[in-house]
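Observations on the three-dimensional arrangement
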Amino acid sequence: MILTDPFQTEEIVPHMTKKRVLTGYRPTGRLTLGHWFGNLMNMRELQEAYEAFYFVADWHALTSDWADTSSVRKFTEEMVLDWVAAGIDPAKATVYRQSDVPEVAELTMYLAMATPMAWLERVPSYKEQREQITDKDLSNAGFFMYPLMMAADILLVRGDVVPVGEDQLPHLELTREITRRFNNTYGDLLTEPAAIIAKQGARVPGTDGRKMSKSYGNAIYLSDTADETSKKVMSMVTDPARKLKTDPGDPDICPLHQIHKLVGRPEDVAEFDRCCRVAECGCVAHKRKLVEDLNDYLASFRQRRLELAASPDYAWEVLADGAERVSPVVDDLMSDVRRALHITAG
Ligand code: TRP
């Protein structure tokens, strides 16, 4: 197998003694600077203390993008490259693809038998997204069942903890409710997972000052080239009240400054804070400095990512290896579940 540890980190602690953490991402685009300071930092830390299962949730992507599935494979591959280049170590964490584990579908179905429809109807994100997302048809049963599939993802590997943002908390609560009902009905089979509220990453503004998001078109991608980064930063919004270089600015409301704080040297950041407030320096100079600092900050990530992407099979080898490693974990649970539900031969 190709899976050497690219960072030569210390010896792997035997997995048996560790609790399990699980998280999944929908492959709907490359990862951004926003993901870096929130999710990726957390995932890197968690892979040390826990037995980590990180999966690409490609079936989840289909629940909303069922009408056009053409990008799923490409984004799956990009996700793996982004993860590994960012320090997710496939020798430590089991990195796999949801669709490589067909038992997710099987367990989703068993859970569906024991879940009242009303529980799914009241999931807040369901109502919200049905109302707010108008460019996709979300009237499909798959989208409605999506929280069940998320429960299956977690329960299938007996995940102890799931790092979630606020928006995913109701899904986790539902998973816990389903677990209790299932266990009451069929015996104590499933492990009730706990949420860990992901350590609040820095809020990273996009180039227009709103939250950085692919759907706003304001994202800086980790894998952007230095040139692309430069173009994006040079077109960034700054303090909107600062029309002229001679106007004093307010760094506290300047998105440029917020990003600089995350990637710049503290003394440089402090100096731009000072000179902006007294109108001694202009936004263009600050943008140039951020371009330099941001490109420096991301240089080693980008270098690693290019190296990984140079072997076209790399991501798929990681996923194949992950599928192999998750398989016994899944078999272990599913044989218990099938037996308890009398879905066994003979
Ligand atoms: N629901 C998550 C999202 O939309 C992705 C996801 C799917 C997930 N299954 C999961 C997250 C299991 C944590 C655990 O972003």
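Residues numbered from 1 in each chain as written. Predicted model: local features only at pLDDT ≥ 70, side-chain atom pairs only at ≥ 80, totals over all residues. Heavy atoms only, no water.

1. Here's the deal with the domain arrangement of the protein
Applicable threshold: An automatic or database domain assignment supplies the residue ranges for each domain. Residues count as neighbours in contact if any of their non-hydrogen atoms are within 4.5 Å of one another. Buried area adds together the accessible area that both of two parts lose upon being put together, with accessible area traced by a 1.4 Å probe. Salt bridge, as applied in this entry: a Lys or Arg side-chain nitrogen positioned within 4 Å of an Asp or Glu carboxyl oxygen.
If you check the domain split of the protein, you get domain 1 (20-203 + 312-340) and domain 2 (224-304). Contacts between domain 1 and domain 2 engage 9 residues on the former and 9 residues on the latter. Carbon and sulfur atoms supply 70% of the area that domain 1 and domain 2 bury against each other, a total of about 800 Å² over both sides. Interface area lost by domain 1 to domain 2 is led by Leu 33, Phe 37 and Ala 85, which between them contribute 55%. Applying the counting rule to domain 1 against domain 2 returns 1 salt bridge.

2. With respect to the pattern of salt bridges
To keep things clear, this is the line we draw: Secondary structure counts use DSSP, requiring at least four H or I residues in a row for a helix and at least two E residues in a row for a strand, with both numbered from the N terminus. Burial classes: relative accessible area under 20% of the type maximum marks a residue as buried, over 50% as exposed, and values in between as partly exposed (1.4 Å probe, protein chains only).
With the rule as written, the count across this model stands at 29 salt bridges. Between Arg 180 and Glu 192 there is a salt bridge whose closest N-O contact spans 2.8 Å. Of the two residues, Arg 180 sits in helix 9 (residues 169-186) while Glu 192 sits in the loop between helix 9 and strand 5 (194-197), which places them 12 residues apart along the sequence. For Arg 180, a relative accessible area of 35% translates into the label partly exposed.

3. Digging into the packing of aromatic side chains
Filter applied, for reference: Ring geometry is summarised as follows: Phe, Tyr and Trp rings, the Trp one being its six-membered ring, pair when their centres sit within 6.5 Å, and such pairs are stacked at plane angles under 30 degrees, edge-to-face over 60 and tilted between the two. Whether a charge sits over a ring depends on NZ of Lys or CZ of Arg being within 6 Å of the ring centre and within 35 degrees of the ring normal.
All told, the structure shown has 10 aromatic pairs when counted by the stated rule. Here a set of aromatic residues connected by ring pairs shows up, and it is made of Trp 36, Phe 37, Tyr 297 and Phe 301. Positioned above the aromatic ring of Tyr 221, the side-chain terminus of Arg 30 is 4.5 Å from the ring centre.

4. Here's the deal with empty space enclosed by the protein
Note the cut-off: With a 1 Å grid spanning the protein atoms alone, the term cavity applies to any set of points in which a 1.4 Å probe fits but cannot get out, the term pocket to an open set with protein on both sides within 12 Å along at least five of seven lines, and the term lining residue to any residue with an atom within 4 Å of a point. Grid points are joined across faces, edges and corners, and a volume is the space filled by probe spheres set on the points.
All chains considered together, the criterion is met by 1 cavity of 30 Å³ or more. Put simply, the largest cavity is a space of about 70 Å³. Every residue along the wall of the largest cavity is listed here: Thr 238, Asp 239, Arg 242, Asp 250, Cys 254, Leu 256, Phe 272, Cys 276, Cys 281, Gly 282, Cys 283 and His 286. Mapped by element, the contributors of at least two residues to the lining of the largest cavity are helix 12 (266-277) and helix 13 (283-310).

5. Remarks on unusual backbone geometry
At Ala 279, a residue that is not glycine, the phi angle is positive and equals roughly 55 degrees. Accessibility expressed as a relative area gives 22% for Ala 279, which makes it partly exposed. For His 342, which is not glycine, the phi dihedral falls at a positive 60 degrees.

6. Side note on the site of the ligand
Heads up, the rule is: Nearness of a residue to a molecule or strand requires only that one of the residue's heavy atoms be within 4 Å of it. A 3.5 Å cut-off defines polar contacts: any pair of N or O atoms within that distance qualifies, except that in protein one atom must be a possible hydrogen donor and the other a possible acceptor, and neighbouring residues in sequence count only when both atoms are side-chain atoms. Only the protein chains shown count as covering a residue, and every accessible area follows the Shrake-Rupley method with a 1.4 Å probe. When residue character is reported, Ala, Val, Leu, Ile, Met, Phe, Trp, Tyr, Cys and Pro are called nonpolar, Asp, Glu, Lys and Arg charged, and the others, Gly included, polar.
Contacts to the ligand come from Leu 22, Thr 23, Gly 24, Arg 26, Phe 55, His 60, Tyr 146, Met 150, Asp 153, Ile 154, Val 162 and Gln 168. Between a nitrogen atom of the ligand and a side-chain N or O atom of His 60, the distance comes to 3.4 Å. The contact in question runs from a nitrogen atom of the ligand to an N or O atom on the side chain of Tyr 146, over 2.8 Å. Coverage of the ligand by the protein amounts to 87% of the 360 Å² it exposes when considered alone. Those elements that place two or more of their residues in the shell around the ligand are strand 1 (20-25) and helix 8 (146-156). Split by residue class, the shell around the ligand holds 6 nonpolar, 4 polar and 2 charged.

7. Quick look at the environment of Ala 112
Within the secondary structure layout, Ala 112 lies in helix 4 (residues 103-113). In sequence terms Ala 112 and Leu 148 are 36 residues apart; their C-alpha atoms lie 6.9 Å from each other.

8. Overview of the pairing of strand 2 (residues 51-56)
Quick reminder of the rule: A pair of strands is considered paired only if DSSP assigns at least 2 bridges between the two.
Most of strand 2 sits out of view: 6 of its 6 residues are buried. Neither face of strand 2 is open: one carries Glu 51, Phe 53 and Phe 55, the other Ala 52, Tyr 54 and Val 56, and all of them are buried. One ladder, built from 6 bridges, connects strand 1 with strand 2; its direction is parallel. Counted as the bridge partner of Arg 20 is Glu 51 from strand 2. Relative to strand 3 (residues 94-97), strand 2 runs parallel, the two being bridged by 4 bridges. Residue Val 56 lies in a different strand from strand 3, and its bridge partner there is Arg 97.

9. Thoughts on the state of the cysteines
Using the following cut-off: Throughout, a disulfide means two cysteine sulfur atoms within 2.5 Å of one another.
Tallied over the full model, the rule gives 1 disulfide. The side chain of Cys 275 participates in a disulfide bridge whose partner is Cys 281; the two sulfur atoms lie 1.9 Å from each other. Disulfide Cys 275 to Cys 281: torsion about the S-S bond roughly 85 degrees, handedness right-handed. As a non-bridged cysteine, Cys 254 has Cys 283 as the owner of its nearest cysteine sulfur, 6.1 Å distant. Counting only cysteine sulfurs, Cys 281 is the nearest neighbor of Cys 276, a cysteine outside any disulfide, at a range of 6.0 Å. Residue class for Cys 276 comes out buried when judged on its relative accessible area of 12%.

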